Amino acid sequence: MYNAKNTLQPPSTSPEEDHDNSTRPDDLNTQEMGDVPANSDRTEDLPSRKPASTCLDVEQTDSAPTESQDNHSKDSSCLNRVSVWLTETLENMFERHGRLVASHPSTTAAICMMVSAVCALGSLNFTTELRPYRLWIPQNSEFIEVMNWQSENFPNAYRRHLAVFEADNVLMAKAVQEMWRLHTRVSELTVGPNHTSWDTLCARVPSLPMDEVDPQEADYSDFEYGILQFRRRRDLSQTLSEDQSLKLPRDEYCNSLVSLPQMCLETSLLEVWGLHEDVIMNLTDEQVVEDINSAGISEVFGYRVNFTKYLGSITHDEVGKIIGAKAAMHMWVSLVDQHALDVVVDQGSGELVDTAGFAWEKAWVNTVLNDSSRPGNIRVYAQAASSFGTVSDDNIWGDVKWLVVGMVMMSFFVNVTLGRRNLVQQRPMLAFLGMFSVGQAVAVSYGVCSFFGVPYCPVNSILPILLIGLGVDDMFVIMAAWEATGRDKAISKDRIERAGRTMRHAGVAITVTSLTDVTAFAVGATTDLPALRSFCLFATVGIFAVYLLQATFFLACLVRDEKRMEENKNGFLWCITHKNWKPWSCSERDLLSDAFKYGFCPFILSTPVQVIILVGSGCLLASSVWATTNLRQEFNPMWFIPSTSYLDETVQVLSKHFPEAGESGYIYFSNVTLPEDLPHLNHLIDDLTESQVISSVNAWFTALDEYMSYIPELTNTTLTYPQLQDTLSVFLQSSTGASYRNDFTLDGVLDCNHPAPPITSFRIEITHRPADSRAEQAVALETIKSLLSKTPVSGYKAAWAQAYSIWETNEIIGYELWRNILLAGIVVGVVTLFLLASLLASMLVLGCVVATVIGVSGIIWAWGLTIDTVSCIAIVLSIGLSVDYAAHVAHAFLAKRGVSDKRVRVRAALEGVGPAVLQGGVSTLLSFALLAGSSSHVFMTFFKVFVAASVLGLYYGLVFLPVVLSLVGPDAYDDHSTSTTSCQPATSNCVEASQHRHVYTNSAYLSDEDKNTKNNATV
């Protein structure tokens, strides 16, 4: 016989029997037929119970189809047939898997731990990658190509260490004297057993000869307070006329170079006073200002120097004279020991550095930052060559505390939500083992990726927290199905059958979400950005490992924990058994499920609230689209420096006091025909100077041309190659041209007495105008490339600047974001269509994903973030989170068979899977909430993005999607009994065909009386 819901009414021989067998209409066939395996003899153990249905009953059901079944038979499309086959195949596969795991729980857990341990061994090949140009730049980009060429032709053996002095006015005697004291402390600094010092590490340059005068004859007529006594003050226009290489015979000048002192390369305002302590310590404020305004030559090296470039936030008087500055730079340049056997890799630059020099750099930072004896109104900031790599590397491991605290919080949360509030039915050990399975997944991810040579990047530090959130979400879904199947008394004590039934339903659900995440990240791994590729590979392996371990290790632990509960053993201490134990009445109810059943579901499914939700969602989407259009694109590797680090303070001070300083770079040339190509090169210099993107050009051939104008035999003549090489030899060792010596690669050794060796390559220095916006940066790059391509110079030519790495990344990050979003969206649509086997359901899920991503992008703008590599990763990852929320609800809705009313199906789906989805979302929020205390740009970005993604994902998955499903939702999956089974009398195949109609319930914690009341009312 049939009831109103078109389900079989079980016969009852007595009120007691009817009470025991009562159930909800949609679960009748499950309890009476599907609970008995085909090869089971359980019916023989229950002689008093009449079989609920027979093959004849099933045939009657087929002969009297409902309207819904009629529609399905009329519309037997390919997708419907695939739906029936796929859902049945997956459910049967996971049921067999669940039974197998439950039959051997200890063996399964041991195998999982052993396999995880073997995979983790790959971490022996663990490597980190912190070099910015290996993280954020496509390795096939022009920047990388030129950089590789540069490292071969202009290898950098120098390391620069910068100290920045800040005060109300650094052009005061006490500030200059503090610079001298720091100079002295650095000079006296020794490190290591070999007493490595500045004197042994410094790069040395010759102090070129200059006119020496008697202090009494010094000419100070051009200023009032000048006190320089050791070298003659001269204007810049006088430099060439007083260049000793132009005044002395060549052989005499060249011979004098042999005896020149080699000075450590240390540039600062102290060069104005020649590093003479007595002079510096007796300066007055007025003398400092006058000397700075008059100085044009380094009194240490003899080179022409513009000392104003050392000053920041300069103040001028009404006639343009410098009267003050708020910052000053002090630079030390060290030389890498190329022959050292003991070397380390600087993670910031990727350069090999001798260990002694690397240790000295760390000691130098501590010395500069030591302000114990420094005047309170003078502040000094430090940036060593190794600072970026050191600070970034420390930051990777510095936030481990957040992971530890997160694990503790998540364990507590999982324990509270997985079990009940009493001594036996609490599940602290199960919660711990579930978290332990996530730890195994992290180890597998690190091990497998390291084995295949995938480097660990700073962004990957977020991975453990991500896997915790996803792993806990799977745990909740499995537990929801476990509790749902536990309400069936026929199998509640049969752990093997119960595990099979649990995985039949939960296995498909976690497969839908996990495979969409895995495939989305696998697609993201095809990106050209190395950091994004590394993260996606680690995440792909980690999420897949979480999926496998939750379906095996956690399920095995769940079965074992259920045995413990059956034996009334304590949840904390399994060795304690509670005899005659009975649960507390307050622990028998699930408050969250009751909230969904009696509060949330009736509320959102009421017609007025549905209207409000639909209108509000439309307004939310519209405002999100508007906010997304305002989102700007900007990337800066310096954001990866912790905001609490000394290096971040240095960067902030430099940005504050030297904002007008444009990015410097070089234009490289090789195999150029000289001097024939010099006119074209001069024309290039003119074009660069006249362009709107270059503020200055410092070319050696411009200075050489001015230098040759003081050589009579070279005036008004056509320069030949022998003349060029002969003049160049002396020029590069003169006070005028010595600063250009490093701009050449020569095929031989430079000798002042002989012509210069052939030039293989050279470079000219350029300085860009400040380019803050992405549009300005793109114009600057395009202008440089265009001018170079138009220059008819033979051989190799290319421009390179450190800033180009950021600029090129800004050019492609938008493309990469759109590419990854579109590919991930396509993958999500295809995978959900394949696994949900419903076109309309997959489109609705995809719509929720799109709305969530747009909302996240809008909140990114509102929160002051930009589109960079980190936010790009986070946005792609938010796709996986939003899929999790929406796909669980959609799958539960589709799996609710035997009910034609969409509102009833939506309510049943929410009551069943809603609590698990909400708990998963809250767990994700909890795990990322800890990142609010991080100083890392990576962690803070993920915190902001994932809070938005979790909140919006829960809204669209638990509020918006159910409302839409209740109005236009697709039909449920075809019942296996009406689509795939040809029943034969007296066989067990009939039982197998119609079993397992229910998927999720929320009545696991209800008393038998409540269940009876509910079921009788429905019947």
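Residues numbered from 1 in each chain as written. Predicted model: local features only at pLDDT ≥ 70, side-chain atom pairs only at ≥ 80, totals over all residues. Heavy atoms only, no water.

1. Observations regarding the overall build of the protein
Under the convention used in this document: Segments assigned H or I by DSSP are reported as helices when at least four residues long, segments assigned E as strands when at least two residues long, and all are numbered from the N terminus. Under the scheme applied here, a residue whose accessible area is under 20% of the maximum for its type counts as buried, over 50% as exposed, and between as partly exposed, the area being computed with a 1.4 Å probe on protein chains only. Any pair of residues with heavy atoms lying within 4.5 Å of one another is described as a contacting pair.
Across its full length, the protein holds 36 helices and 16 strands. Each of the 1019 residues in the protein was classed as buried or not, and the buried ones make up 56%. Intrachain contacts of the protein at a sequence separation of at least 6 include 79% that bridge at least 24 residues.

2. Things to note about the packing of helix 29 (residues 803-836) against helix 30 (residues 839-862)
Spelled out, the test is: Where helices are involved, their axes are fitted lines through C-alpha atoms of the stretch in contact, as for all axes, and angles between N-to-C directions lie from 0 to 180°. Working rule for angles: under 35 degrees goes down as roughly parallel, over 145 as roughly antiparallel, 65 to 115 as roughly perpendicular, anything else as oblique. Helix crossings are classified by the rotation of the near helix relative to the far one: an anticlockwise turn of less than a right angle makes the crossing left-handed, while a clockwise turn makes it right-handed.
The geometry of helix 29 relative to helix 30 is characterised by a closest axis approach of 8 Å and an angle of 150° between their N-to-C directions. What the angle tells us is that helix 29 and helix 30 run roughly antiparallel. Along this stretch, helix 29 crosses helix 30, giving a crossing that reads as right-handed. Contact residues: helix 29 offers Ile821, Gly825, Val828, Gly829, Thr832, Leu833 and Leu836, while helix 30 offers Leu839, Ala841, Ser842, Val845, Leu846, Val849 and Val853.

3. Quick look at the nonpolar core
Here is the rule we go by: Take the buried residues of types Ala, Val, Leu, Ile, Met, Phe, Trp, Tyr and Cys, join any two whose side-chain atoms come within 4.5 Å, and each joined set is a nonpolar core.
Residues Phe535, Phe669, Trp700, Phe762 and Phe942 are the most contacted members of the largest nonpolar core, which totals 219 residues. Ranked by residues supplied to this core, first place goes to helix 21 (residues 530-566) with 19 residues. With residues near it in sequence (within four places) discarded, Phe535 still touches Val459, Asn460, Ile462, Leu466, Phe521, Ile873, Leu877 and Phe942. Core analysis: the second largest hydrophobic core is formed by 46 residues, Trp180, Leu201, Val272 and Val289 among them.

4. Points about helix 22 (residues 591-604)
Put simply, the rule reads: Take the residue count of a helix, subtract one, and multiply by 1.5 Å to get its expected span. Bend at a given residue is defined as the angle between two axes, one fitted to the seven residues that end at that position and one fitted to the seven that begin there.
Between its terminal C-alpha atoms helix 22 stretches 18 Å, which fits the 20 Å expected from 14 residues at 1.5 Å a residue. Along its length, helix 22 reaches its greatest deviation from straightness, about 35°, at Lys597. Summarising the contacts, the buried residues of helix 22 are in contact with helix 23 (607-629), helix 32 (902-929) and helix 33 (937-968).

5. Looking at the state of the cysteines
This is how it is decided: Note on terminology: pairs of cysteine sulfur atoms within 2.5 Å are recorded as disulfides.
All told, the structure shown has two disulfides when counted by the stated rule. In this model, Cys202 is linked to Cys264 through a disulfide, with the two sulfur atoms separated by 2.0 Å. Because the sign of the S-S torsion sets the handedness, a value of about -50° for the bond joining Cys202 and Cys264 places this disulfide among the left-handed ones. Taken as a pair, Cys202 in the loop between helix 10 (198-201) and strand 4 (204-206) and Cys264 in strand 5 (residues 262-264) lie far apart in primary sequence, 62 residues in all. Both residues of the pair, Cys202 and Cys264, belong to the buried class. One disulfide bridge connects Cys254 with Cys752, the sulfur atoms lying 2.0 Å from each other. Between Cys254 and Cys752 the sulfur-sulfur dihedral comes to about -60°; the bridge is accordingly left-handed.

6. Re the confidence of the model for the protein
The criterion, for reference: Summary of the metric used: pLDDT quantifies the predictor's per-residue confidence within the range 0 to 100.
Per-residue pLDDT for the protein averages 79, and the proportion of residues at 70 or more is 82%. This model gives residues 1-76 a pLDDT under 50, and the stretch forms 113 contacts once residues within four places in sequence are excluded. Across residues 212-238, where pLDDT falls below 50, the model places 51 contacts with residues more than four positions away in sequence or in other chains.

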